[in-house]
Amino acid sequence: MIVSSFKKLPLRQLDFLFPLRVGTACLAGLAYYTLGDDFKLFYTFDGLVDYTLLDIKKDTLLPGIQAIEKTIDNKHFYQGLSFTYYSLAGLLAIGFATPLVACILLLLHACIFTAVPLFSYGFDYFCQIGLFYCLLFPTYRSYSVDKYLWKLIPASTPTLYRCQRILQIHLSIVYFFNGLNKAFGSSWWNGQALWKALHLPYFNSAQWDVGFLPHWLLSAGGILVLLLEIAYPLNLLLRRLQEPFIGSIIILHLLISIFLGLSLFSLAMILLNYCAWFHQTRKHINPNYQLPKVCRE
Amino acid sequence: MKPIIFLLGVSLHFGIILWNNFQHSYYAYYRTRQEEPRALTDIVHIGQHVFQYSILRVYAKLSGNDMPYGFFAPNIGSQYVTEFRLYNNRDSLRFTLGNPKLKNRESLNRYSSFTRLFESLLKEADRSDKPTNLEQAYSRAVAYSMARYLGKSDPNISQVKVSIYLYQEHDSLAQDAYFLIFQRTINL
């Protein structure tokens with residue numbers, strides 16, 4: 001039902017590149033905005049944890065934003081950083097110099113949120129995946145300033161099909177391995193996982209007391225999550241499964257957002273699922289299709 | 001030529017993702033088992049060797065695929081809860097903070113992810129003054145660093161007592177409890 005109602009929206013005429021670009025840009029902006037003043041606690045050289053300690057856990061050649069701050073050594077560094085970050089997110093949303101902007105935003109996001117992984121969590125990685133695909137896919141060809149400035153034609157059907165297939169396969173790997181790893185533990189089978197998730201102190205300021213629920217219901221909930229995740233790749237093969245399946249996955253993420261407070265993470269997953277399975281491009285290509293004149297020239 | 005480059009690129013991209021996740025699942029599965037199949041162990045070692053090349057790691061990092069997908073897997077771990085007690089020059093308690101003055105929900109999510117590093121302190125069986133391994137030493141240094149940061153935010157503070165608890169759930173909320181796993185006093 002959820003899927004059907006989505007399909008009735010006027011957005012149906014769009015390809016998936018537009019929501020991917022705009023949604024990812026908004027998510028990137030939100031990643032920064034939602035931290036507010038706490039940003040300086042986590043991501044400055046003189047923050048909560050000494051940078052020398054954070055640097056030990058850094059595992060790639062990318063510098064952490066704290067190291068860049070130390071090198072530049074300017075008291076207005078963080079004002080400049082905020083301005084740059086928000087501007088890049090805005091430019092990506094409107095699709096101006098898209099590949100270049102996506103590339104710089106990707107690097108900046110990596111330096112801030114994932115280069116030093118101690119303060120990062122699932123959302124940061126999915127936001128990064130979104131930015132990476134904005135760079136890789138021809139997102140500038142869909143309702144962008146670039147498209148109007150350079151008079152670009154929309155991405156061809158085969159290109160759209162390939163790009164969306166890549167996203168679908170990626171999400172299938174994500175859910176399959178997540179479900180498989182959960183299946184190795186006992187708590188997802190016996191209902192303990194859901195009980196625990198609802199009582200973790202940092203996630204649940206309200207502490208949902210679900211003691212009144214029968215034990216079998218918690219077990220069934222855990223097993224349902226496992227099934228949904230492990231069977232996710234079936235969506236690639238069985239088109240009929242897609243509507244109920246993706247609808248269930250979206251409901252699952254909404255519940256995660258409500259009960260665990262992981263709103264940004266849920267939003268990122270809903271966005272990626274939306275882009276992967278809605279506005280689907282059909283593989284069949286019309287043999288009579290002719291490229292527009294501009295393209296032929 | 002173009003399709004070949006495309007296929008190579010896609011294979012490399014998904015190869016990295018699959019490798020990262022296969023490795024993680026392998027360790028998750030054999031963590032509690034005594035015997036590991038020789039052939040699989042060899043494959044894992046060869047893969048680890050190949051993956052050491054910086055270019056592959058940087059690519060994995062930039063594409064957001066350097067971490068395996070295993071959120072809340074194989075089990076949901078218990079959370080580690082911090083408490084900071086800040087004392088003034090006369091040794092009287094001025095504040096007690098559950099977390100370092102975080103104002104936002106998202107910050108709390110990041111902080112809860114960060115506190116998982118205190119897991120190494122659980123193994124501190126004798127509560128001795130000296131850490132028994134590098135991970136413990138690291139966790140202690142981080143706890144000191146946080147305490148120092150909070151203490152220095154107010155000039156009247158001369159001492160910070162940092163406590164780290166493991167939150168354990170039972171069959172009902174009434175029985176839930178916080179178990180102390182680490183406590184130190186830091187003089188500023």
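Residues numbered from 1 in each chain as written. Chains lettered and ligands numbered in written order. Predicted model: local features only at pLDDT ≥ 70, side-chain atom pairs only at ≥ 80, totals over all residues.

1. Regarding the overall build of chain B
Then comes step 1: When helices and strands are counted, chain B shows 5 helices and 4 strands.
Then comes step 2: Reading the helices (α) and strands (β) of chain B from amino to carboxyl end gives α-α-α-β-β-α-α-β-β.
Then comes step 3: The C-alpha atoms of chain B give a radius of gyration of 22 Å, which is well past the 16 Å a tight globule of 188 residues would have.
Then comes step 4: Dimensions along the principal axes, computed over C-alpha positions, put chain B at roughly 75 × 40 × 35 Å.
Then comes step 5: Summarising the internal contacts of chain B: among those between residues at least 6 apart in sequence, 60% fall at separations of at least 24. (Helix = DSSP H or I, 4+ residues; strand = E, 2+ residues; numbered from the N terminus. Rg over C-alpha atoms; globule rule 2.2 N^0.38 Å. Contact = placed C-beta atoms within 7 Å.)

2. Considerations on the packing of helix 10 (residues 157–184) of chain A against helix 1 (residues 2–30) of chain B
Then comes step 1: Direction vectors running N to C along helix 10 of chain A and helix 1 of chain B enclose 5°, while the axes themselves pass 10 Å from each other. What the angle tells us is that helix 10 of chain A and helix 1 of chain B run roughly parallel. Counting all contacts with helix 10 of chain A, which are made through Ile166, Ile169, His170, Ile173, Phe177, Leu180, Asn181 and Phe184 of chain A, the residues of helix 1 of chain B involved are Val10, Phe14, Ile17, Leu18, Asn21, His24, Ser25, Ala28 and Tyr29 of chain B. (Axes fitted to C-alpha atoms, helices over the stretch in contact; angles between N-to-C directions. Parallel < 35°, antiparallel > 145°, perpendicular 65-115°, else oblique.)

3. Section: the domain arrangement of chain A
All names here are of chain A.
Then comes step 1: If you check the domain split of chain A, you get domain 1 (15–155) and domain 2 (157–283).
Then comes step 2: Taken over C-alpha atoms, the centre of domain 1 sits 25 Å from the centre of domain 2.
Then comes step 3: Taken together, the contact pairs 18 residues of domain 1 with 17 residues of domain 2.
Then comes step 4: Broken down by secondary-structure element, the contributors of at least two residues to the side of domain 1 that touches domain 2 are helix 2 (17–33) and helix 8 (122–136). (Domains from an automatic or database assignment.)

4. Section: the nonpolar core
Then comes step 1: Within the largest apolar cluster, 105 residues are counted, with the highest numbers of intra-cluster contacts made by Leu105, Leu131 and Ala268 of chain A.
Then comes step 2: Apart from residues lying up to four places away in sequence, Ala268 of chain A is in contact with Leu27, Phe123, Phe126, Cys127 and Gly130 of chain A. (Core = buried A, V, L, I, M, F, W, Y, C linked by C-beta atoms within 7 Å. Buried ≥ 20, exposed ≤ 12 C-beta atoms within 10 Å, placed from the backbone.)

5. Focus on the environment of Asn88 of chain B
Residues and elements named next belong to chain B.
Then comes step 1: Relative to the helices and strands, Asn88 resides in strand 1 (residues 80–88).
Then comes step 2: A tally of 15 C-beta atoms within 10 Å means that Asn88 is categorised as partly exposed.
Then comes step 3: As for Asn88 and Gln159, which are separated by 71 residues in sequence, their C-alpha atoms are 6.6 Å apart.

6. A look at the interface of chain A and chain B
Then comes step 1: Counting residues at the interface gives 55 residues for chain A and 54 residues for chain B.
Then comes step 2: Listing elements by their share of the side of chain A that touches chain B, those giving two or more residues are helix 3 (39–43), helix 4 (51–56), helix 7 (98–114), helix 8, helix 10 and helix 12 (192–197) of chain A.
Then comes step 3: Counting residues per element, the side of chain A that touches chain B draws most heavily on helix 10 of chain A, which supplies 11 residues.
Then comes step 4: Residue composition of the side of chain A that touches chain B, by class: 34 nonpolar, 15 polar and 6 charged. (Nonpolar A, V, L, I, M, F, W, Y, C, P; charged D, E, K, R; others polar.)

7. Structural notes on unusual backbone geometry
Then comes step 1: One non-glycine residue, Asp73 of chain A, lies in the positive phi region at around 50°.
Then comes step 2: For Asp73 of chain A, the location among the structural elements is in the loop between helix 5 (65–72) and helix 6 (77–94).
Then comes step 3: A tally of 8 C-beta atoms within 10 Å means that Asp73 of chain A is categorised as exposed.
Then comes step 4: One non-glycine residue, Lys101 of chain B, adopts positive backbone phi at about 55°.
Then comes step 5: Topologically, Lys101 of chain B is positioned in the loop between strand 2 (93–97) and helix 4 (105–114).

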